[in-house]
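# Notes for the structure review
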Amino acid sequence: MKIKAVLNRDGGTFKTTDMQTYCESATRAFAAKGHELVCDVVPGAEIVDALESASGEAGLDALLAGGGDGTISTAAGIAWKAGLPLGVIPAGTMNLFARSLKLPLDIWKVLDLLAGAKVANVDIATANGRPFVHQFSAGLHARMVRMRNQMDFASRIGKIRASTSAAFGVMLDPPRFEVVFDIDGDGRSDERPISAISVSNNPLGNNSLFFADRVDTGKLGVYLAEPLEPTGVGKLAFDILRGKFKENEAVTASTAERVHLHFPKYRKGAACVLDGELLRMPPDVEIKIHAGELKVLVAPEQPTA
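First, a word on scope: everything that follows refers to the structure included in this document.

How each quantity is defined
- Residues numbered from 1 in each chain as written.
- Predicted model: local features only at pLDDT ≥ 70, side-chain atom pairs only at ≥ 80, totals over all residues.
- Heavy atoms only, no water.
- Pairing = 2+ DSSP bridges.
- Helix = DSSP H or I, 4+ residues; strand = E, 2+ residues; numbered from the N terminus.
- Axes fitted to C-alpha atoms, helices over the stretch in contact; angles between N-to-C directions.
- Buried < 20%, exposed > 50% of the residue type's maximum accessible area, 1.4 Å probe, protein only.
- Parallel < 35°, antiparallel > 145°, perpendicular 65-115°, else oblique.
- Left-handed = near helix turned anticlockwise from the far one by under 90°.
- Contact = heavy atoms within 4.5 Å.
- Expected span 1.5 Å × (residues − 1).
- Polar contact = N/O pair within 3.5 Å; in protein donor to acceptor, adjacent residues only side chain to side chain.
- Salt bridge = Lys/Arg side-chain N within 4 Å of Asp/Glu carboxyl O.
- Right-handed = clockwise from strand over helix to strand, strands pointing away.

## Details of the sheet that holds strand β10 (residues 196–201)
Taking strand neighbours across the sheet as the criterion, the six strands line up as β12-β11-β10-β7-β14-β15 in an open arrangement whose pairing is antiparallel. Two strands lie at the open edges of the sheet, namely β12 (251–256) and β15 (277–280), each paired on one side alone. Along the sheet, successive strands turn relative to each other by an average axial angle of 20°, direction set aside.

Dropping the structure here:
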């Protein structure tokens, strides 16, 4: 196989890695399995162009992407559109999609697995046509990300500290807004006030990091949190840390293949988060699951991700 690896040198673990040595190790690991691997190490500002350029190379059999969750999400969308299998090198803080695919989180150990991996078909979702592999969210999470992004952090530990500080800030002033949602186009719209909404690519597992245990169920996970006071946010945060957020009395959980969201009191400047990226939220969001359309590299013994 002819494989191209695009690595974000500004992504998490790679900031403190000798990238020349890493690429040499990757090339040897894939050569040992009979593959031709070419590494392209680029700064974060150039990662999208590098991935798009790589996906258009003639004769390419697979695309590897290394970096944080944002890099991996971008790479998944590009690989999906190009019809290429994607290999994930988890070099970020949370590495949520890598966890769902049950990959080693060590950037060195994952090389041998990917070199001998098989191709599996998993799900990818879109929000207004934009691909994502983790989740769309609005409300509590979006406010926390906005607050965190206003803080200075230059390391994984710094990012965790900033996230913790932002979480306390949101706890003191939780948002409240209206949403009208239609699930699976059944024609029955429901309007309610909430403090948070999350729609995930496959139902989230019972863990504190909000990642799916499987990404091949063909279903979105839909989670709503009713309007919360500071004490309610604190209880929800505690249940999240225990990996039991779906048992929280304020949370409603369901699954769907398509979700339409309308925000009737939409205000300019409202924000949402898509796979960790803070975006301006439109007044209407159409979220769809694309079952089995993304090809990924997984451990040979795994029947699916």
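## Here we look at unusual backbone geometry
Backbone geometry places Asn128, a non-glycine residue, at a positive phi of 55°. Note that Asn128 resides in the loop between β5 (118–127) and β6 (130–132). Classification of Asn128 by relative accessible area gives partly exposed; the value is 44%. For Asp275, which is not glycine, the phi torsion reads 50° and is therefore positive. Inspection of the secondary structure assignment puts Asp275 in the loop between β14 (271–274) and β15. Exposure remark for Asp275: the relative accessible area of 8% places this residue in the buried category.

## Description of the packing of helix α2 (residues 47–55) against helix α3 (residues 69–82)
Following both chains from N to C, one finds α2 and α3 inclined at 25°, their axes separated by 10 Å at the closest point. Classified by the interaxial angle, the pair formed by α2 and α3 is roughly parallel. In terms of crossing hand, the pair formed by α2 and α3 is right-handed. In contact with Ile47, Val48, Leu51, Glu52 and Ser55 of α2, α3 contributes Thr71, Thr74, Ala75, Ile78 and Ala82.

## Some words on α3
Helix length check: α3 (14 residues) gives 20 Å between terminal C-alpha atoms against 20 Å at 1.5 Å per residue, within 8%. Listed in full, the buried residues belonging to α3 are Thr71, Ile72, Ser73, Ala75, Ala76, Gly77, Ile78, Ala79 and Trp80. A positive backbone phi angle near 75° is found at Gly83, which sits one or two residues after α3.

## Thoughts on the side chain of Ser55
If you trace the backbone, Ser55 turns up in helix α2. According to the relative accessible area criterion, Ser55 is buried, its value standing at 18%. Of the polar contacts made by the side chain of Ser55, one reaches the backbone oxygen of Glu52; its length is 2.8 Å. If near-sequence neighbours (up to four positions away) are discounted, Ser55 is found in contact with Ile78, Ala82 and Leu84.

## Let's talk about the pattern of salt bridges
The full count for this structure, using the stated rule, is nine salt bridges. The residue Glu277 makes a salt bridge to Arg130 at a minimum N-O spacing of 2.6 Å. Separated by 147 residues along the polypeptide, Glu277 in strand β15 and Arg130 in strand β6 bring together distant segments of the chain. According to the relative accessible area criterion, Glu277 is partly exposed, its value standing at 38%. Ionic pairing is found between Arg258 and Asp182, a salt bridge with its closest N-O pair at 3.2 Å. With a gap of 76 residues between them, Arg258 in strand β13 (residues 258–262) and Asp182 in strand β8 (residues 177–183) connect regions that are remote in the sequence. With respect to burial, Arg258 and Asp182 carry one shared label: buried. A single network of salt bridges, built from pairs that share partners, joins Asp182, Arg258 and Glu286.

## A word on the pairing of strand β2 (residues 36–42)
Regular strands place side chains that alternate from one sheet face to the opposite one. Pairing of strand β1 (residues 2–8) with β2 involves seven bridges; the strand directions are parallel. Pairing of Ala5 across the sheet is with Cys39, part of β2. Each parallel crossover has a hand, and for β1 linked through helix α1 (residues 19–31) to β2 it is right-handed.

## Overview of the environment of Asn248
Looking at the element boundaries, Asn248 is found in the loop between α8 (230–241) and β12. Judged by relative accessible area, Asn248 falls into the buried class, the value being 4%. Along the backbone, Asn248 and Lys235 are 13 residues apart, and their C-alpha atoms lie at a distance of 8.0 Å. Beyond its immediate sequence surroundings of up to four residues, Asn248 is in contact with Lys235, Leu236 and Asp239.

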